[in-house]
Structure formats: C-alpha cells, structure tokens
Amino acid sequence: MSRSIWFVAEHQDGQLHRGAAELAAAARAVGDETVAVVCSAPGGTVAQQVAPFADRVLLVEDPSLEPYTAGIWAQAVVALAKEHAPAAILLPHAPLGRDLGPVLAARLEAGLMTDCIALEWDEGLVGKRSVLRRKLVARERVTTSIAVATCQRAAFSAVAAGEPGTVETVEPSIDAEAARTRFVAMERAEMGEENITEADVVVAGGRGLGDAEKFGVVQDLAAALGGVMGASRPVVDQGWVAHDRQIGSSGITVRPKLYFALGISGAVQHVVGMRESDVIVAINKDPQAPIFEYAHYGIADDLFKVVPALLAELES
Ligand SMILES: Cc1cc2nc3c(=O)[nH]c(=O)nc-3n(C[C@H](O)[C@H](O)[C@H](O)COP(=O)(O)OP(=O)(O)OC[C@H]3O[C@@H](n4cnc5c(N)ncnc54)[C@H](O)[C@@H]3O)c2cc1C
C-alpha cells in the first residue's frame, strides 16, 4: 500500500511560509505520496502556491479557518485524516506546529514526536530529536497507525518547485460553535531573539570575539541589519550568550538569507548548522580558517576593524 505523508501548509496574510518546501522535503523523504493540507478562508491562493511542492493538495476553505485557531484547524484536519488515513501528518516546529500538533495527536489518538531534525521510515515513522540540552540525539518510532510529527525549521533541505500537484477542494467538516477557543486579536511582535530560526539575517559570533563585553559588536551588526544574533559553542559554554543562540550540531540549524560568521573558525560541528544559508559572509583574521571554504564572501582581517567600518557604512 502506498504511504501518504501529509504536511500542513503554514501561511499568513495569504502568503505560504517558505518552510512549507522544507516540510515537503521531510514528507518526501519518508513517503510515496506527498500531500499538502491547506486550511484557509475562501478565495485565497495558498493551495496554488504550495502545489509545486506536493503531489496533491487538499484544500479546505471556510471563513472560520482564518485567522488560525488550533481548535478549528484541528476539526478540519482530523476529519480529513479519519477519512483518508495518512501514514503521518507533519507540521513545522514553529508556533503553528507546537500549537496544532498536540491537538491533532490527541484527537487522532496518534503518537506525537516533536522537534524532529531527521525522519526515516522503519516499520513506522522514526524521528531523530536532539535531547538533553542538545547533547544527545534520540531516535524514536511512532507505533500508532497515524503519526504526528513537528519538524525543526531548516533541518530539511527544501524541495525545489516542480510540476504543480492536483488541488482538490474538500468539503469542510467544521462546527465553529463547538470550538473551545476564539480568536481575539493579533499583535505583531518585534523581531526578537527567539526568532533565530525564522530570521532572514543571522549574525553569529565566535571565540574570536575575545570576551562577553566585546560580543556587543555582534549585537550591533545584527541590529543594524535587522537580524538576530547567533553564536558558536565556546561562546555559549563561556556564558557570553544564552544556550538557545548556539548554532551547530549540538545547537540549532539555521538557514537565513544572510549569515555572518564573526571570529568563527568553521569547525564542522558549527558549519552543519549554517552551511545551507543563502549567502555566507565570514570575517576572520586567519586567512587559512576553514570557514572561508563555506563563505560566499570572506574578509581576512581583524573583525574589530571590519565591523565598525561596516556599521559606519550601513549608517550612512
Ligand atoms: C560533540 C561536539 C559537539 C559540538 N557542537 C558544536 C555546535 O553545536 N556548535 C559549535 O559552534 N561548535 C560545536 N562544537 C565545537 C566545535 O568543534 C568548535 O570547537 C567550535 O565551533 C569553535 O568555535 P569558534 O569557531 O567560535 O572558536 P575557535 O575555533 O577558537 O575560532 C576562533 C576564530 O576566531 C578568529 N579570530 C580571533 N580573533 C579574531 C579577530 N580579532 N578578528 C577576526 N577573527 C578573529 C580566529 O582566527 C579563529 O579562527 C562541538 C564539539 C563537539 C566535540
């Protein structure tokens, strides 16, 4: 029997989130068929936007589906899943998936794995997850007939857009009155430190910064570029910045449009967490530093000369 893996398409203001192509890749890695589930208000184009990344799109349209609430989306997705019995439903390990994933799993009586960094199929959905403050990688298998899993952003290389899959509009099975929560209001938050995996620009600092005080230049450059700050492991180990900033094999994976590596040598454990960034700029005073092998642009110089010059240039 062919294995159908679904992913829930994340979107906002009518635009598909770019992470959908990563979820499609995660689904394709373990399934025979990749199905995108789109929950939206009538008249949108999200189904058409996601179609090039999936074999099929199941489109549920109802005014109550936007703005998003977990209860109503869960009604729509659960009804579909009960009818079609996919092998797994994938969501981003982002606010959408962290909110909706447990609700889906509970209502489908399905096993849930969160924050997966890799997926495989071995008599069921098997996920790899970083555990114990990311010091170990656990491998877990879901044993229920439907699995629900959330996937870490940027852990899966996005699939390229292909021939658009077929879009099937399905009757919504929703009782909005039965929802136990109501949408009240949306307030746009400032781009904060928590958004490192979502950020278009990440400025990361390494041991080359010297000490916690000098690490301020990383923050300055990140602020000037509207990005967020990241770090290599020694910086975190020395307590200059919080653990959730750590990029690499025992930290998080990022794939921003622009990644700055300041005073970072380019050890493989760091590089695996950032090498998929669209554009990598490295500043390191050692011209032999391995980071230059991965950088699209490299400046072999003292970062304390280069960064202030960059900041002055950005200001003018
Ligand atoms: C199991 C395991 C897991 C690990 N996980 C991670 C991980 O998740 N993330 C991670 O980052 N590391 C991880 N590491 C550590 C990793 O191996 C490296 O030790 C670490 O990435 C090095 O950090 P760094 O580049 O900041 O420091 P260093 O390797 O010390 O490099 C500092 C760089 O700064 C440059 N520099 C110094 N002064 C200046 C200046 N004034 N201007 C410009 N450049 C300057 C130097 O030339 C040097 O290249 C892990 C290691 C192990 C064993």
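As the structure is a prediction and not an experimental result, all values here were calculated from the model.

A few points about the site of the ligand
As a structural note, the neighbourhood of the ligand is formed by 25 residues, with Arg207, Ser232, Ser250, Ser265 and Asn284 the closest of them. For the ligand, whose accessible area on its own is 980 Å², the fraction buried by protein is 74%. The pocket occupied by the ligand, as judged from atoms lying within 2 Å of grid points, is the second largest pocket. For the shell around the ligand, the secondary structure elements donating two or more residues are helix H6 (233–237), helix H7 (268–271) and helix H9 (303–315). Within the shell around the ligand, the residues separate by chemical class into 6 nonpolar, 13 polar and 6 charged.

Observations concerning the layout of surface pockets
Taken as a whole, the second largest pocket holds about 450 Å³ of empty space. Elements with a minimum of two residues in the lining of the second largest pocket: H6, H7 and H9. Split into classes, the residues belonging to the lining of the second largest pocket amount to 7 nonpolar, 14 polar and 5 charged.

So, the state of the cysteines
Going through the model one piece at a time under the given rule, you end up with 0 disulfides. Cysteine Cys116 shares no disulfide, and the gap to the nearest cysteine sulfur, in Cys151, comes to 5.4 Å. On the basis of relative accessibility, which here comes to 0%, the residue Cys116 falls in the buried class. What makes Cys151 buried here is its relative accessible area of 3%.

Section: the pairing of strand E15 (residues 279–283)
Where burial is concerned, most of E15 is hidden: 4 out of the 5 residues are buried. Pairing analysis gives 3 bridges linking E15 to strand E16 (residues 297–299), with the strands arranged parallel. If you follow Val281 over to E16, its bridge partner there is Tyr297.

Thoughts on the domain arrangement of the protein
By the assigned domains, the protein splits into domain 1 (4–178) and domain 2 (193–315). Summarising the inter-unit geometry, the C-alpha centres of domain 1 and domain 2 are found 32 Å apart. Contacts between the two partners involve 12 residues from domain 1, matched on the other side by 12 residues from domain 2. Summed over both sides, the interface of domain 1 with domain 2 buries roughly 1,100 Å², with 37% coming from carbon and sulfur. In this assembly, domain 1 and domain 2 are joined by 3 salt bridges. Applying the counting criterion to the domain 1 and domain 2 interface returns 5 residue pairs in polar contact (both at pLDDT 80 or more). Of the residues contributing to the side of domain 1 that touches domain 2, the split by class is 4 nonpolar, 3 polar and 5 charged.

A few points about the nonpolar core
Phe7, Val38, Val50, Leu90, Leu119 and Leu125 are the most contacted members of the largest nonpolar core, which has 35 residues in total. Broken down by secondary-structure element, the contributors of at least two residues to this core are strand E1 (4–8), helix H1 (20–30), strand E4 (33–40), helix H2 (46–50), strand E5 (56–61), strand E6 (88–92), strand E7 (111–121) and strand E10 (147–151). Here the element with the most residues in this core is H1; it accounts for 8 residues. Setting aside residues no more than four positions away along its own chain, Leu119 makes contact with Ala26, Val30, Leu90, Leu125, Val126, Gly127, Cys151 and Phe156. Residues Trp6, Ile72, Leu91 and Ala105 belong to the second largest nonpolar core, which totals 29 residues.

Some remarks on the pairing of E7
The pairing of E7 with E10 spans 4 bridges and is parallel. By the bridge assignment, Leu112 is partnered in E10 with Val148. With 5 bridges joining them, E7 and strand E8 (residues 125–131) adopt antiparallel strand pairing. By the bridge assignment for E8, Trp121 is matched with Leu125. Taking the residues between adjacent antiparallel strands as the criterion, E7 and E8 are bridged by 3 residues, where Glu123 takes a positive phi near 55°.

Side note on the packing of helix H5 (residues 216–224) against H9
Contact geometry for H5 and H9: axes closest at 10 Å, N-to-C directions at 25°. Classified by the interaxial angle, the pair formed by H5 and H9 is roughly parallel. Judged by the sense of rotation from one axis to the other, the crossing of H5 with H9 is left-handed. Along the contact surface, H5 presents Val217, Asp220, Leu221 and Ala224, while H9 presents Leu303, Phe304, Val307, Leu310, Leu311 and Leu314. Residue composition of the contact of H5 with H9, grouped by class: 9 nonpolar, no polar and 1 charged.

Observations concerning the side chain of Gln152
Mapped onto the elements, Gln152 comes out in the loop between E10 and strand E11 (166–170). Owing to a relative accessible area of 7%, Gln152 belongs among the buried residues under this scheme.

As for H5
Considered for burial, the residues of H5 that qualify are Val217, Val218, Leu221 and Ala222. All buried residues of H5 fall inside an arc of 140° around its axis, so they share one side. The inward-facing, buried residues of H5 contact strand E12 (201–205), strand E13 (228–231), strand E14 (258–262) and H9. Looking one or two places after H5, you find Gly226, whose phi comes out positive at around 70°.

Calculation rules
- Residues numbered from 1 in each chain as written.
- Predicted model: local features only at pLDDT ≥ 70, side-chain atom pairs only at ≥ 80, totals over all residues.
- Heavy atoms only, no water.
- Near = heavy atom within 4 Å.
- Areas by Shrake-Rupley, 256 points an atom, 1.4 Å probe, with all protein chains shown as cover.
- 1 Å grid on protein atoms, 1.4 Å probe; cavity = no way out; pocket = protein on both sides within 12 Å on 5 of 7 lines; lining within 4 Å.
- Sits in = over half its atoms within 2 Å of the grid points.
- Helix = DSSP H or I, 4+ residues; strand = E, 2+ residues; numbered from the N terminus.
- Nonpolar A, V, L, I, M, F, W, Y, C, P; charged D, E, K, R; others polar.
- Points joined across faces, edges and corners; volume = space filled by probe spheres on them.
- Disulfide = S-S within 2.5 Å.
- Buried < 20%, exposed > 50% of the residue type's maximum accessible area, 1.4 Å probe, protein only.
- Pairing = 2+ DSSP bridges.
- Domains from an automatic or database assignment.
- Contact = heavy atoms within 4.5 Å.
- Buried area = accessible area lost by both parts, 1.4 Å probe.
- Salt bridge = Lys/Arg side-chain N within 4 Å of Asp/Glu carboxyl O.
- Polar contact = N/O pair within 3.5 Å; in protein donor to acceptor, adjacent residues only side chain to side chain.
- Core = buried A, V, L, I, M, F, W, Y, C linked by side-chain atoms within 4.5 Å.
- Axes fitted to C-alpha atoms, helices over the stretch in contact; angles between N-to-C directions.
- Parallel < 35°, antiparallel > 145°, perpendicular 65-115°, else oblique.
- Left-handed = near helix turned anticlockwise from the far one by under 90°.
- Arc of directions from axis to C-beta.

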